Amino acid sequence: MFKQMFDTESSTYTYLLVDDNSREAVLIDPVASHIEDYISMITLHNLQLKYGLETHVHADHITASGMLRKKLAIKTGVSELCGASAADIQLKDGDVLTIGSQTIQVIATPGHTPGSASYLWNDRIFTGDALLINGCGRTDFQGGSAEMQYNSIMNKLFTLSDDTLVYPGHDYNGRRVSSIAQEKNINSRLAGKTRDAFIEIMNNLNLPKPKLIDIAVPANRICGVPEPEIAQG
Ligand SMILES: N[C@@H](CCC(=O)N[C@@H](CS)C(=O)NCC(=O)O)C(=O)O
Ligand SMILES: [Fe+2]
């Protein structure tokens, strides 16, 4: 079982991955304002939520991971390079998590942020903001690096099988899924572009700062839950 959910406020995608035999499940990039929807879905389908995973410390919304940990005793996981010491699992490139007999592989894809990670599950890759559909995450805040982003995409994501389905962290134009082949062939920032050309594009996006960045980044370093609540368990 697999679900792709969308937060209209931040255009964020959240993904539910389920191992049908064991009913163990994972949420990738859950959004705080949708926590009741996640809990209803978990109850309805009789799931055992095992992990709440982040593709990075988000700048545009607050994560539901810490609240889910409080309510459902899940483990929260984020790259060790995110500076989110409150997370239960500090993930490294190559780490493998399991739901039932299925594996979720962590692939470090720094660039949008130093701790950005992608998750490979069967024929699907959840790229966060490392690779978007016909785009990629910006690299102009949170220690971002266009050069690292280029290397992550070319040397890690684009070495996956062409058939791998690409599920992004956001889409601002209603698109839901792509593939490695599609992004290699028609991503306008990458297809036929040199590394220098990519860096030039990324350094001249001139995007406004995300509205919530000053609230979301510190909150997400502690899994989105205020510290006193963590202290109380
Ligand atoms: N207007 C949005 C900005 C969102 C934004 O900057 N998103 C980041 C990902 S966290 C990005 O990389 N956007 C790429 C783009 O807008 O092309 C907000 O205020 O939250
Ligand atoms: Fe982001």
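Residues numbered from 1 in each chain as written. Chains lettered and ligands numbered in written order. Predicted model: local features only at pLDDT ≥ 70, side-chain atom pairs only at ≥ 80, totals over all residues. Heavy atoms only, no water.

**Comments concerning the site of ligand 1**
1) Next: Surrounding ligand 1, one finds Asp-60, His-112, Asp-129, Gly-137, Arg-138, His-170, Tyr-172, Arg-189, Leu-207, Pro-210 and Lys-211.
2) Next: Within the side chain of Arg-138, an N or O atom sits 2.6 Å from an oxygen atom of ligand 1.
3) Next: When ligand 1 sits alone it has 500 Å² of accessible area, and the protein chains cover 80% of it.
4) Next: Across the shell around ligand 1, the residue classes break down as 3 nonpolar, 3 polar and 5 charged. (Near = heavy atom within 4 Å. Polar contact = N/O pair within 3.5 Å; in protein donor to acceptor, adjacent residues only side chain to side chain. Areas by Shrake-Rupley, 256 points an atom, 1.4 Å probe, with all protein chains shown as cover. Nonpolar A, V, L, I, M, F, W, Y, C, P; charged D, E, K, R; others polar.)

**Description of helix H6 (residues 213-221)**
1) Next: Considered for burial, the residues of H6 that qualify are Ile-213, Ala-216, Val-217, Ala-219 and Asn-220.
2) Next: Backbone geometry just downstream of H6 places Cys-223 in the positive-phi region, at approximately 60°. (Buried < 20%, exposed > 50% of the residue type's maximum accessible area, 1.4 Å probe, protein only. Helix = DSSP H or I, 4+ residues; strand = E, 2+ residues; numbered from the N terminus.)

**What about the coordination of the iron ion (ligand 2)?**
1) Next: Surrounding the iron ion (ligand 2) are the protein donor atoms His-56 (NE2), His-112 (NE2) and Asp-129 (OD), which sit 2.0 to 2.3 Å from the metal.
2) Next: Every donor counted, the 4 donor atoms about the iron ion (ligand 2) form angles of 92 to 161° at the centre, which fits irregular coordination.
3) Next: Sequence positions of the residues that donate to the iron ion (ligand 2) give the spacing H-x55-H-x16-D. With a gap of 56 residues between them, His-56 in the loop between strand S4 (48-53) and helix H2 (65-72) and His-112 in the loop between strand S8 (102-108) and strand S9 (117-121) connect regions that are remote in the sequence.
4) Next: By relative accessible area, which is 5% here, His-112 ends up buried. (Donors = N, O, S within 2.8 Å, 3.2 Å for Na, K, Ca; no water. Tetrahedral: all angles 85-135°; square planar, octahedral: opposite > 155°, others 65-115°.)

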